[in-house]
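Structural characterization, general
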Amino acid sequence: MISDPMANPGYLAVDRGEILWAEKRGAKGASLEACDLGRGPGVLEGAYAALPRYFADADRVMDIEQRLLWCMRTQQDLDTSDVIRRRFGEPGKTSDMEDLTAFIANKSNGMPLHAPMTAPQEKQMFAVGEAMFNRRSAVNDFSCATCHGEAGKRIRLQELPDLAHPGKSAQDSVASWPAYRVSQSQTRTMQHRLWDCYRQMRMPMPEYGSEGITALQVYMAQQADGGEIVAPSIKR
């Protein structure tokens, strides 16, 4: 079902994202087609497979959703308050960010995940992400590593990927987002996956597009380096 656009509901988000990518919006009446996702303005093939990364024009390390928000604000002069309000889709309410991410990620299907780790800013974000991954806090004294720090862990009937060590478990997990969540009837991005993890750990909800969430993604992308992009996949 995953590779069949007629069977995988995630491809509905891909189709909506393709329309949004070319739609002219904002005060400048511009589309996102000139947005540089790391491969050059408008180049989508392979861009998602090399994120997060440092962008000199913004002087920040960004994931795909941070970068899209930046392009909306700078190239379209778009008020993104409504986009952020609809950052996660619900029944009867689509999400521009989830749709755009699904469309862009799909352009990297079959390619290896290889986020760069050459700029000092990328190395710094990796260190921050690693610290966040292992930091225990909140009422349950949980960290990301509590569930994802070793192989063979399960919660109920769900196998938990080992994200603390480079290898196939991390590759298969990280490289398969965005994904259509059958339990939620929505196509979800890694931003939502991490937000939901924080919710389940009873930690304060992270701000959408925050530096901390990007740092976690930088860390996980390095653990999953070389994994084959499968997007949108289908998950429980």
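Let us look at the structure shown here.

How each quantity is defined
Residues numbered from 1 in each chain as written. Predicted model: local features only at pLDDT ≥ 70, side-chain atom pairs only at ≥ 80, totals over all residues. Heavy atoms only, no water. Helix = DSSP H or I, 4+ residues; strand = E, 2+ residues; numbered from the N terminus. Polar contact = N/O pair within 3.5 Å; in protein donor to acceptor, adjacent residues only side chain to side chain. Pairing = 2+ DSSP bridges. Axes fitted to C-alpha atoms, helices over the stretch in contact; angles between N-to-C directions. Core = buried A, V, L, I, M, F, W, Y, C linked by side-chain atoms within 4.5 Å. Buried < 20%, exposed > 50% of the residue type's maximum accessible area, 1.4 Å probe, protein only. Contact = heavy atoms within 4.5 Å.

1. Overview of the environment of E65
Assignment of secondary structure puts E65 in helix 2 (residues 64–75). For the pair formed by E65 and V43, sequence separation is 22 residues and the distance between their alpha carbons is 16 Å. A polar side-chain atom of E65 sits 3.0 Å from a polar atom in the side chain of T189.

2. Side note on the sheet that holds strand 7 (residues 233–235)
Spatial ordering of the open sheet is given by 6-5-7, a layout of three strands whose pairing is mixed. Either end of the sheet is taken by a strand with one partner, and the two such strands are strand 6 (186–188) and strand 7. Pairs of neighbouring strands in the sheet enclose a mean axial angle of 35°, with direction left out of account. Bridge analysis of strand 5 (residues 179–181) against strand 6 gives three bridges, and the strand direction is antiparallel. Paired with A179 across the bridge in strand 6 is R188.

3. Section: the nonpolar core
One finds W21, L37, L68, M72, I104 and F133 to be the most contacted residues of the largest nonpolar core, which totals 55 residues. Where this core is concerned, the elements lending two or more residues are helix 1 (10–22), helix 2, helix 4 (96–106), helix 6 (144–148), helix 7 (168–174), helix 8 (190–200) and helix 9 (211–223). Each residue touching F133, except ones within four places of it in the same chain, is listed here: S143, C144, A145, H148, L163, A164, L216 and Y219.

4. Some details on unusual backbone geometry
Cis geometry marks the peptide bond from L51 to P52, where omega comes out at 0°. Among the secondary structure elements, P52 is positioned in the loop between helix 1 and strand 1 (53–55). The linkage connecting W177 with the following residue, P178, adopts the cis geometry, with an omega of 5°. Considering the arrangement of structural elements, one finds P178 in the loop between helix 7 and strand 5. Not every positive phi belongs to a glycine, and A138 is a case in point at roughly 70°. Relative to the helices and strands, A138 is located in the loop between helix 5 (120–134) and helix 6. A138 gets classed as partly exposed once you look at its relative accessible area, which sits at 37%. If you check the backbone angles, D141 has positive phi at about 55° while not being a glycine.

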